[in-house]
Amino acid sequence: MSQPTTTFDPISFVSALVDTYGEQGASDIHLTPDRGVFFVQDKKTMQVPNMGHLPPGVIEAVVDRIVPGGMQRLQQLGQAGASFDANQLLGLARNDDGSVRQRSAFRGRVAVRQGFNGVSLTTRIISRDIPTVQKLGLPQSLAKTIERPDGLFLFVGQTGSGKSTSIAALVNAINQNWETHIYTAEAPIEYVYPPGKSLVTQREVGMHVPTFAAAIEDAKRSHPRIIVVGEILNAETARSALLAAASGHLVVSTMHAGSTAEAIDTFISMFTSDEQPLVRTQLSQVLRCIAVQKLLAKTGGGLAMAQEIAFNTRQFSQLILGNGDRSGDMVLVQQYLLGNGRQEQMVAMEHSLVKLVRAGSITEDVARANAADPKMIDELLAAAELREQDQHRGGRGRR
């Protein structure tokens, strides 16, 4: 890919990067003021060959074209975000020979910020094709949860753990097969849902509506079955999500947390101490499922997904109510997932990691590094090997 010139088109420049590295399976593109262009693939951040330097003004020109309010808004706020869609921004374009330019196969989620070295920009690469539940390998239990008539369905994990992709796959399955209304509020819009049997309303916070909470309030007056909330970050959004979940809607959202127990604790901690008892009660009543995701570098390349899945059974709802000991409550949730929860289709992260180790997808070291209790990985692996040996001996005994 050649260096852009001072007369380059910033939209075509970003679109070419997104398409080139999207086809290679990269997840992100970084534009930096002092070290050129980087891409992220399989959790590794690598410099784009022959693009170790960008001419002055390139990133600023991209910001002015992509981000609402451009550089003026960035200078006011210090950071900004936007969705990127070259097909919408460029419209119908033609090549030098007059042929119609191939439409971009990818969209982007842009985050731009001012820093010590100047303005830098990150674009999360998003395929226009929403993967299916089957392609992602999501369990049937989650596919059944998205069919629930109401409640709160949370996907949690670090940035880049595939939360939005899993939600899009599940919601699009409803979109393609159910005659219903799906309402999304995102910051910014990531996947664009194709026409299906459902009516889909997609709104971008900051462009179409001021806040997630305001979008949820409008959604409740729009007769949707599913309300997708991009992220729960504060008490205002959390409160609106709880009320919508309790009023006959399935609210699907994301949070940043490393485990089921941490997600529950983080959600409740958004509220004041006076509010928390009521919030615990409300959450114990409306929560349907928490799915924790980690995307891990596979042995031999690619990514493997580990998932912790908790359903709000009668016993689990008692754990949400707690006993007044915050750290003790979190331990009890983890113990339940490792023990009795398995009988109710729940999956502890440690069990998911061990399954990936035994399949040869990840190493034992990777599993330990991503487990809340690394020693549990060793115990579960040893137990699995003993079961395998017993089965082997039993099989020989029957011959």
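Residues numbered from 1 in each chain as written. Predicted model: local features only at pLDDT ≥ 70, side-chain atom pairs only at ≥ 80, totals over all residues. Heavy atoms only, no water.

## Some remarks on empty space enclosed by the protein
At step 1: Applying the stated criterion across every chain yields a total of one cavity of 30 Å³ or more.
At step 2: Lining the largest cavity are Ala-261, Ile-264, Asp-265, Arg-280, Leu-319, Ile-320, Arg-326, Asp-329, Met-330 and Val-333.
At step 3: Looking at the lining of the largest cavity, the elements with two or more residues in it are α10 (260-269), α12 (314-321) and α13 (326-338).
At step 4: Per-element tally for the lining of the largest cavity: the top contributor is α13, with four residues. (1 Å grid on protein atoms, 1.4 Å probe; cavity = no way out; pocket = protein on both sides within 12 Å on 5 of 7 lines; lining within 4 Å. Points joined across faces, edges and corners; volume = space filled by probe spheres on them. Helix = DSSP H or I, 4+ residues; strand = E, 2+ residues; numbered from the N terminus.)

## Some words on unusual backbone geometry
At step 1: Omega for the peptide link from Ala-187 to Pro-188 comes to -5°, which places this bond in the cis form.
At step 2: Inspection of the secondary structure assignment puts Pro-188 in the loop between β8 (181-186) and β9 (199-204).
At step 3: Even without being a glycine, Asn-50 presents a positive backbone phi close to 65°.
At step 4: By secondary structure assignment, the location of Asn-50 is in the loop between β3 (44-47) and α2 (58-66).
At step 5: A positive phi is found at Gln-345, a non-glycine position, where the angle reads about 70°.

## Brief notes about the packing of helix α9 (residues 235-246) against helix α11 (residues 276-286)
At step 1: Across the interface, α9 lies against α11 with an axial gap of 10 Å and an inter-helix angle of 45°. Relative to α11, the element α9 lies oblique. In the crossing of α9 with α11, the sense of the turn from one axis to the other is left-handed. For the pair α9 and α11, contact is made by Leu-242, Ala-245 and Ala-246 and by Val-279, Gln-282, Leu-283 and Val-286, respectively. (Axes fitted to C-alpha atoms, helices over the stretch in contact; angles between N-to-C directions. Parallel < 35°, antiparallel > 145°, perpendicular 65-115°, else oblique. Left-handed = near helix turned anticlockwise from the far one by under 90°. Contact = heavy atoms within 4.5 Å.)

## Observations concerning the sheet that holds β9
At step 1: In spatial order, the strands read β9-β8-β10-β11-β7-β12-β13; together these seven strands make up an open sheet with mixed pairing. On the outer flanks of this sheet lie β9 and β13 (303-311), each paired with one strand and no other. In this sheet, neighbouring strand axes are inclined to one another by 15° on average, regardless of whether the strands run parallel or antiparallel.
At step 2: Pairing analysis gives six bridges linking β8 to β9, with the strands arranged parallel. Across the sheet, residue His-181 finds its bridge partner in β9, namely Leu-199.
At step 3: The strands touched by helix α7 (residues 163-177) are β7 (151-157), β8, β9, β10 (226-229), β11 (250-255), β12 (287-297) and β13; relative to β7, the strand with the most contacts, the crossing angle is about 145°.
At step 4: Its contacts with the sheet place helix α8 (residues 212-220) against β8, β9 and β10, and it is angled at close to 165° to β8. (Pairing = 2+ DSSP bridges.)

## Let's talk about α12
At step 1: Restricting attention to buried positions, one finds in α12 the residues Phe-316, Ser-317, Leu-319 and Ile-320. End-on view of α12: buried residues confined to an arc of 155°, all on one side of the axis.
At step 2: Gly-322 sits one or two residues past α12 and shows a positive phi near 75°. (Buried < 20%, exposed > 50% of the residue type's maximum accessible area, 1.4 Å probe, protein only. Arc of directions from axis to C-beta.)

## A few points about the layout of surface pockets
At step 1: Within this model, the second largest pocket holds a volume of roughly 550 Å³.
At step 2: Of all the secondary-structure elements, those providing two or more residues to the lining of the second largest pocket are β13, α14 (349-358) and α16 (374-398).
At step 3: A class-by-class count of the residues in the lining of the second largest pocket yields 13 nonpolar, six polar and four charged. (Nonpolar A, V, L, I, M, F, W, Y, C, P; charged D, E, K, R; others polar.)

## Regarding the pairing of β11
At step 1: The buried fraction of β11 amounts to six of the six residues, a majority that puts the element mostly inside the structure.
At step 2: Going residue by residue along β11, you find Leu-250, Val-252 and Thr-254 tucked away on one face and Val-251, Ser-253 and Met-255 tucked away on the opposite face as well.
At step 3: Alignment of β7 against β11, held across six bridges, turns out to be parallel. Bridging from a neighbouring strand, Leu-154 pairs with Ser-253 of β11.
At step 4: Note that β10 and β11 share four bridges and pair parallel.

## Some thoughts on the pattern of salt bridges
At step 1: Throughout the structure, instances matching the rule amount to 13 salt bridges.
At step 2: Residues Arg-65 and Asp-9 are paired through a salt bridge, measuring 3.5 Å at the closest nitrogen-oxygen approach. Of this pair, Arg-65 sits in helix α2 while Asp-9 sits in the segment before α1 (10-23), and the two are 56 residues apart along the sequence.
At step 3: Residue Arg-65 is classed as partly exposed on the basis of its relative accessible area, which comes to 39%.
At step 4: Here Arg-128 and Asp-85 are joined by a salt bridge, their closest N and O atoms 2.7 Å apart. You can see Arg-128 sitting in the loop between β6 (118-127) and α5 (133-136) and its partner Asp-85 sitting in the loop between β4 (79-84) and α4 (86-90), a full 43 residues away along the chain.
At step 5: Of the residues examined, Asp-85 reaches a relative accessible area of 9% and is grouped as buried.
At step 6: Salt bridges linked by common partners bring Glu-364, Asp-365, Arg-368 and Asp-378 together as one network. (Salt bridge = Lys/Arg side-chain N within 4 Å of Asp/Glu carboxyl O.)

## Considerations on the side chain of Ser-83
At step 1: With respect to the element layout, Ser-83 can be found in strand β4.
At step 2: The class of Ser-83 is buried, set by a relative accessible area of 19%.
At step 3: A polar side-chain atom of Ser-83 sits 3.1 Å from a polar atom in the side chain of Glu-204. (Polar contact = N/O pair within 3.5 Å; in protein donor to acceptor, adjacent residues only side chain to side chain.)

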